[in-house]
Amino acid sequence: MGILNSIGLMFDILHYAMDSMFWGVLLAIAGVALLFYLIRSFYPKYTFTPLSFVAGAVIFVLVAFQSVFICGAFKIKGMTDEMYASINSYIPQSWVACDHAFTTDETQQICDNLRDEYPLFACYVGTADFRGHTPATVAQSMVDEIHSFMNRYILRRVAWCLGFIIVGTFIVVKTMEVYRVSMRRGGAAARRSRRNNDF
């Protein structure tokens, strides 16, 4: 997913699913806070530097993007019962009577109808090909594929989150180490200076 596409998707979710935006940002805040808490627990003698907090802010932005996408995908998964009913409503009764076999263009039209009815769905899915299905099977097949697609999407976003967190953790820890080394050296020099002044 390109940067421009990601930003566009973010604004679409903002427009159609404020709750996904809210929960995604909240999860990112909780995740970054937990990350800093764990780092502090593992390195109790070290102190965060300004660079550590800059790294934390970058991690937050990257994880927030992914978290919002994940929450949006979960919301779509929760809509599938409604989508199932909608798909069946798009099918002409004459096709039901003759057990019509769908073409690619006909199933794409169903997908386009879903995109119009469920704008958040349109943020994630663009095309559909369920040719050969009949009115008795097409709705369930499409709903099953939506579930499967969203599960794969969520796993990819989670993997990106973990990658950002692992790299970010390494950067935060490295900035702490550099900061503590310089402070120890400065502290030793200050103690020597104070001893010399006493004489």
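Residues numbered from 1 in each chain as written. Predicted model: local features only at pLDDT ≥ 70, side-chain atom pairs only at ≥ 80, totals over all residues. Heavy atoms only, no water.

1. Brief notes about the overall build of the protein chain
Then, number 1: Helix and strand content of the protein chain: eight helices and zero strands.
Then, number 2: Element order for the protein chain, N to C, with α for helix and β for strand: α-α-α-α-α-α-α-α.
Then, number 3: Burial statistics for the protein chain: of 199 residues in total, 36% are counted as buried.
Then, number 4: Partitioning the contacts of the protein chain with sequence separation of at least 6, the portion at a separation of at least 24 is 79%.
Then, number 5: When the accessible surface of the protein chain is totalled, it reaches about 11900 Å², and 65% of it is carbon and sulfur. (Helix = DSSP H or I, 4+ residues; strand = E, 2+ residues; numbered from the N terminus. Buried < 20%, exposed > 50% of the residue type's maximum accessible area, 1.4 Å probe, protein only. Contact = heavy atoms within 4.5 Å. Areas by Shrake-Rupley, 256 points an atom, 1.4 Å probe, with all protein chains shown as cover.)

2. Considering the confidence of the model for the protein chain
Then, number 1: Summary statistics for the protein chain give a mean pLDDT of 83 and a share of 80% for residues scoring 70 or more.
Then, number 2: Long-range and interchain partners of residues 178-199, a stretch whose pLDDT sits below 50, account for seven contacts in this model, where long-range means more than four residues apart. (pLDDT = per-residue confidence, 0-100.)

3. Overview of the side chain of Ser86
Then, number 1: Tracing the chain through its elements places Ser86 in helix α4 (residues 80-90).
Then, number 2: Classification of Ser86 by relative accessible area gives buried; the value is 7%.

4. Details of the packing of helix α2 (residues 18-42) against helix α3 (residues 50-78)
Then, number 1: Two numbers describe how α2 lies on α3: the axes approach to 7 Å, and their chain directions differ by 140 degrees. For the element pair α2 / α3, the angle class is oblique. Once α2 is placed against α3, the crossing between them reads as right-handed. Along the contact surface, α2 presents Asp19, Ser20, Met21, Trp23, Gly24, Val25, Leu27, Ala28, Ile29, Val32, Leu35 and Phe36, while α3 presents Ser52, Phe53, Gly56, Ile59, Phe60, Val63, Ala64, Ser67, Val68, Cys71, Gly72 and Lys75.
Then, number 2: Counted by class, the contact of α2 with α3 contains 16 nonpolar, six polar and two charged residues. (Axes fitted to C-alpha atoms, helices over the stretch in contact; angles between N-to-C directions. Parallel < 35°, antiparallel > 145°, perpendicular 65-115°, else oblique. Left-handed = near helix turned anticlockwise from the far one by under 90°. Nonpolar A, V, L, I, M, F, W, Y, C, P; charged D, E, K, R; others polar.)

5. Description of a nonpolar patch on the surface
Then, number 1: On the surface, a nonpolar cluster with roughly 480 Å² of combined accessible area is contributed by Leu34, Tyr37, Leu38 and Phe42.
Then, number 2: Assignment of secondary structure puts Leu38 in helix α2. (Patch = residues over 30% accessible without salt bridge, like charges linked within 9 Å, V, L, I, M, F, W, Y side chains within 5 Å. Salt bridge = Lys/Arg side-chain N within 4 Å of Asp/Glu carboxyl O.)

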